[in-house]
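Fold and geometry: a report
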Amino acid sequence: MSDDHGESNRGGLQLHLVSWNVASWMKALSYIRKHHGSLTNWMDKHNIDILCLQEVKTLDKNLEQDPSSLGALTPTLDTFWAPARGDAKKCKGFNGVATFARKGLTLSAEREVLGSGLDHQGRCILTRHQRFVIFNVYVPNDGPWSRALPGKMKFLNALAEAMQRERDKGYGVILAGDLNLQLRNSDCHWSRRILNVPKFLNIDVSNGSKQVKEAQEQLRNGAWESVQKTLLERKFRTCVVNASLQRKKVEKWRVVVKGRNGEDVFLGRPFESEDQAKGSNDDYRIEGRKLLTEDGELEARPPDEISVTQLAECIKIATGTEWPIALQKELSEDYTTSRSSPCVLEWATRILSGRNKMVDSFSELWPEHRARFTCWNQYKNKRYQNAGAR
């Protein structure tokens, strides 16, 4: 994201800025060196002027003892680092951001940027350039049961204040990195988008297809009440499954509901833990969730929200009706929101509007592009299906 200064100020210096969550820079750099010879060769090949990295997963002592192994002494580059700091045992292997820039492009850099006890987490570094600054950030995830959401909002609010301080000094602001939020419903795979059922029941779908109109009528005429009853009475059970890669049987958890004839029916896939089965990541959980903080209440998930694919699965169990994939995709495209918490979406909306409104560069430059995801569940090979998020 970047500040919008209008057409008249978009000339002048042109730079190619790349942001990359590397999930361990040393490992990523070893692949770059193996296949391209050097970091400089790779950056030259992609015409990269400024490289913003997240999850570099290193420590200050590694930079002091062996900076070359991390590319920190590359002759043509200035490099700036903000690893997680504090107890080495707690910090090792977590977080850390770094910005690499061609020599001469950077005036200064800071890693004490946010205050409020946040900078030691290694999630933000600021670099100053001719007329602009870059905030390279790794925003916290919500975490299971949204337990980390209060800390995430503290980080985001401190970030907004820090960006405003730079504007007040006369700098334009570029926000780069892993924001751990999905602004638009199209920023995540259609199967994971969230439908607020009460809202859907009360909106005008006259411009929708015949299937959408029939689905709304079905939900209004008792199907949603049947799904609610099914899900609110769900149980959780362990089961043993064959783990083909591990060549052994392992214990997992299943969500169990009653079918139309009173029989037990499994919902979805086996889950790794009881927490996941019970909805720590909001699977099949329609109860909603709020968190109490020092500043009041945060709504992590409104009640009666569910992904379209999970709703379709429950409709089939509760009523025997099968929703076609074409219907599920149309509902996901036209009537859903992203998976991000309402308070996170409100924060993003604020910085994209008002006097200092920023621009989501991707959606501004390529508004019609879809499924341009940058994050996937690698454990389940979801990248090959392109079932991910941006």
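This section reports on the structure supplied with the text. Predicted model, so just to flag it, every value in this text is computed and none were measured.

1. Topic: the packing of aromatic side chains
- By the definition in use, this model includes 6 aromatic pairs.
- Note on Trp20 and Trp25: the rings are 6.4 Å apart at their centroids and 90° apart in plane angle, and the pair reads as edge-to-face.
- Among the residues examined, Trp20 registers a relative accessible area of 30% and is labelled partly exposed.
- Each ring, one from Trp81 and one from Phe100, has its centre 5.4 Å from the other, and the planes form 65°; the classification is edge-to-face. Here Phe100 lies in strand 5 (residues 97-102) and Trp81 lies in strand 4 (residues 77-82), a separation of 19 residues in the sequence.
- Residue class for Trp81 comes out buried when judged on its relative accessible area of 11%.

2. Re the sheet that holds strand 3 (residues 50-54)
- Across the sheet, 4 strands lie side by side as 2-3-5-4; this open sheet has mixed pairing. Every interior strand has two partners, whereas the edge strands, strand 2 (17-21) and strand 4, have only one. Sheet twist, expressed as the average angle between the axes of neighbouring strands with direction ignored, equals 15°.
- Of the strand pairs in this sheet, strand 3 and strand 5 are connected by 5 bridges, and their pairing is antiparallel. Residue pairing in the sheet places Leu51 in a bridge with Phe100 of strand 5.

3. Here's the deal with unusual backbone geometry
- In this structure, Ser116 is a non-glycine residue whose phi angle is positive, near 55°.
- Mapping Ser116 onto the fold places it in the loop between strand 6 (108-110) and strand 7 (124-128).
- Even without being a glycine, Ala371 presents a positive backbone phi close to 55°.
- Along the chain, Ala371 falls in the loop between helix 12 (361-365) and strand 18 (375-376).

Conventions and cut-offs
- Residues numbered from 1 in each chain as written.
- Predicted model: local features only at pLDDT ≥ 70, side-chain atom pairs only at ≥ 80, totals over all residues.
- Heavy atoms only, no water.
- Phe/Tyr/Trp six-rings, centres within 6.5 Å; stacked < 30°, edge-to-face > 60°.
- Buried < 20%, exposed > 50% of the residue type's maximum accessible area, 1.4 Å probe, protein only.
- Helix = DSSP H or I, 4+ residues; strand = E, 2+ residues; numbered from the N terminus.
- Pairing = 2+ DSSP bridges.
- Axes fitted to C-alpha atoms, helices over the stretch in contact; angles between N-to-C directions.

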